[in-house]
Amino acid sequence: MDIRLYNTLTRQKELFKPLRENEAGIYTCGPTVYHYAHIGNMRTYIAEDGLVRALRFLGWKVKRVMNITDVGHLTSDADSGEDKMELGAKREGKTAWQIAKFYTEAFFKDYKDLNCLQPEVVCPATDYIREMIDLGVALEKKGFTYAIAGDGLYFDTAKLPDYGKLAGKAHVEGIKEGARVEANSAKRHPADFAVWKFAAAGEKRQMEWESPWGKGFPGWHMECSAMAMKHLGETIDIHCGGEDHVAIHHTNEIAQSEAATGKPFSNYWMHIRFLVTGSDGKMSKSSGEFLTLATATGKGYDPLAYRYYCLLTHYRKQLEFSWEGVEAAARGLDGLRALAQKVKAEAGTAPHSLDREAKYFKDFTSALADDVNLPAALAALWETLKDNSIPAPQRLAFALAAEEVTALDLFKDAEAGELAPEVAALIKDRETARKNKDWKRSDELRKELLDKGVLIEDTPKGTKWKLTRG
Ligand code: AMP
Ligand code: ZN
């Protein structure tokens, strides 16, 4: 089924036309793994997961690639400042490699807990240094680069006539305006950006490689161009990321990719508006003050309450974070689950098949096809589940199908009765041990359950469990 997507490049909703029939190649900028991902980052990943799931639901084949930024992302967008990975290493007294491994794992734990689907390809930047150097050489051969002694090899944005087209002309003008505060005055134009940074003389970096331009490391934007083209081809279908990437990161990905190949880099650009919080509205990883999924689960919230909270606001609307909002979403999710389970009980063992011609099904799919309108799709799900005029088996079939997109574990608690009897008995034993304050026994039972693939969570709302493997 056709889908319309808002394209930042053309500033309008467009019919999605793929490069290969019925297939979508998607690139999503991944996390910079020098710290935990905050819930703002996770809003973006939940929205991107919504896109992938919606496309599949509508009958598309999807190949998704996500990078892991484990080198080269500097604290300043002006290609100066410290590498965030080395900063993380200093902060924790570990190596940059240890930091990358730890926070990559932490990211994918949150990602999985939010029921986000694993991308088909996950690629750490440090595994693609060769490809980035090749891209830099191609740019150099075509005359798009110049070197600044003791600093790096730079992309000359003046050589690309449509530089800045993603963000608009005003953006490039804006960078010129900002030139007075620009740290690197040796650049020919303030918008020029690093293709390769030289390791400072006399300084041994933890992450550095040989290159035709000397020892150093790739400029941050290089990784996404090199990896997207390697895995999805020189032109890709859809490129996603948070709205902050429009002005610099994605603008520069386009510049270097299109300069190297002479072809359009990505046909569609999808940007997720920010989750904002705090007095200045910003949620910043570098300031060290940010909310993580663990902050929410620590307060007793199911990670999926946060997923539901995000799904209730369209990805192109800014989301102003509040705990009241999360609380309301948690209650809403409880209500939706209770409703789904009531319908399941009513349907009993009657055969249920999905009625694709029904109005509610069409409402649901057309919401998804309209720029992934998940709030509207969820509204259709609620209404249908509540509508007693629709036979329960049909409502159940619809709820089960909708779960492929919403991924809210609607039947989670109903599955309790379906646990293997010995696992259910272990959970009961553990509850008894806890009542008797026998913490040692309770811990042993928790470990035993984990070995059997059941994770126990003690929350202020009581003990909950979930399966760690499907
Ligand atoms: P980073 O780990 O900083 O490279 O960011 C990972 C992803 O999160 C990128 O797609 C960013 O654009 C996105 N992002 C960063 N901050 C926010 C926020 N407050 N709300 C939504 N997305 C964000
Ligand atoms: Zn990127």
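Refer to the structure presented above.
What counts and how
- Residues numbered from 1 in each chain as written.
- Chains lettered and ligands numbered in written order.
- Predicted model: local features only at pLDDT ≥ 70, side-chain atom pairs only at ≥ 80, totals over all residues.
- Heavy atoms only, no water.
- Helix = DSSP H or I, 4+ residues; strand = E, 2+ residues; numbered from the N terminus.
- Contact = heavy atoms within 4.5 Å.
- Buried < 20%, exposed > 50% of the residue type's maximum accessible area, 1.4 Å probe, protein only.
- Pairing = 2+ DSSP bridges.
- Right-handed = clockwise from strand over helix to strand, strands pointing away.
- 1 Å grid on protein atoms, 1.4 Å probe; cavity = no way out; pocket = protein on both sides within 12 Å on 5 of 7 lines; lining within 4 Å.
- Points joined across faces, edges and corners; volume = space filled by probe spheres on them.
- Nonpolar A, V, L, I, M, F, W, Y, C, P; charged D, E, K, R; others polar.
- Domains from an automatic or database assignment.
- Phe/Tyr/Trp six-rings, centres within 6.5 Å; stacked < 30°, edge-to-face > 60°.
- Core = buried A, V, L, I, M, F, W, Y, C linked by side-chain atoms within 4.5 Å.

Caption draft 1: Spatial organisation of the environment of L166. Position of L166 among the secondary structure elements: in the loop between strand 7 (152-155) and helix 5 (169-177). The spacing of L166 and L55 is 111 residues in sequence and 24 Å in space, taken between C-alpha atoms. Filtering out sequence-adjacent residues up to four positions away, L166 remains in contact with T8, L9, R11, V246, H250, T251, I254, W269 and H271.

Caption draft 2: Main features of the pairing of strand 10 (residues 236-242). Counting buried residues along strand 10, seven of its seven residues qualify, which places the element largely inside the surrounding structure. As paired strands, strand 3 (residues 23-28) and strand 10 are joined by three bridges and run parallel to one another. The residue of strand 10 that forms the bridge with Y27 is H239. Sheet analysis places strand 10 next to strand 11 (residues 266-272), joined by six bridges and oriented parallel. Bridge pairing links G241 to H271 in strand 11. Note on the crossover from strand 10 through helix 7 (residues 246-261) to strand 11: the handedness is right-handed.

Caption draft 3: Structural context of empty space enclosed by the protein. Considering all chains together, one arrives at three cavities of 30 Å³ or more under this definition. Space inside the largest cavity adds up to approximately 100 Å³. Around the largest cavity, the lining residues are R43, I46, A47, M270, C310, L311, T313, H314, Y315, V372, L374 and P375. For the lining of the largest cavity, the secondary-structure elements that each account for two or more residues are helix 1 (39-57), helix 9 (303-311) and helix 12 (374-386). Considering each element in turn, the lining of the largest cavity owes the most residues, three residues, to helix 1. Tallied by class, residues from the lining of the largest cavity come to nine nonpolar, two polar and one charged. Split by domain, the lining of the largest cavity shows at least three residues from each of two domains, domain 1 (23-272) and domain 2 (277-406). Approximately 60 Å³ is the volume found for the second largest cavity. L160, D162, Y163, G164, K165, L166, T251, I254, A255 and E258 together form the lining of the second largest cavity. Its residues assigned to classes, the lining of the second largest cavity shows five nonpolar, two polar and three charged.

Caption draft 4: Just the environment of A380, in detail. As for its position among the elements, A380 is in helix 12. The exposure class assigned to A380 is buried, which follows from its relative accessible area of 10%. It is 9.7 Å that separates the C-alpha atoms of A380 and K359, two residues lying 21 residues apart in sequence.

Caption draft 5: Looking closely at the packing of aromatic side chains. Scanning the entire structure with this criterion turns up 25 aromatic pairs. When the centroid spacing of 5.9 Å and the interplanar angle of 85° are considered together, the rings of Y309 and F321 count as edge-to-face. Here Y309, found in helix 9, pairs with F321, found in the loop between strand 13 (319-320) and helix 10 (323-347); they are 12 residues apart in sequence, far enough to count as distant. With respect to class, Y309 is no different from F321; both count as buried. Between the aromatic rings of F364 and F398, the centroid separation amounts to 5.4 Å while the plane-to-plane angle is 90°, which identifies the pairing as edge-to-face. You can see F364 sitting in helix 11 (residues 359-369) and its partner F398 sitting in helix 13 (residues 392-406), a full 34 residues away along the chain.

Caption draft 6: Main features of the nonpolar core. Counting residues in each nonpolar core, the largest one holds 135 residues, and the members touching the most others are I238 and Y306. Top element by residues in this core is helix 1. It accounts for 10 residues. If you count residues domain by domain, this core takes at least three from each of domain 1 (23-272) and domain 2 (277-406). Those residues in contact with Y306 that lie beyond four places of it in its chain are I39, G40, M42, R43, I46, L114, L275, L293 and F321. Among the nonpolar cores identified, the runner-up in size contains eight residues, and L449, V454, I456 and W465 belong to it.

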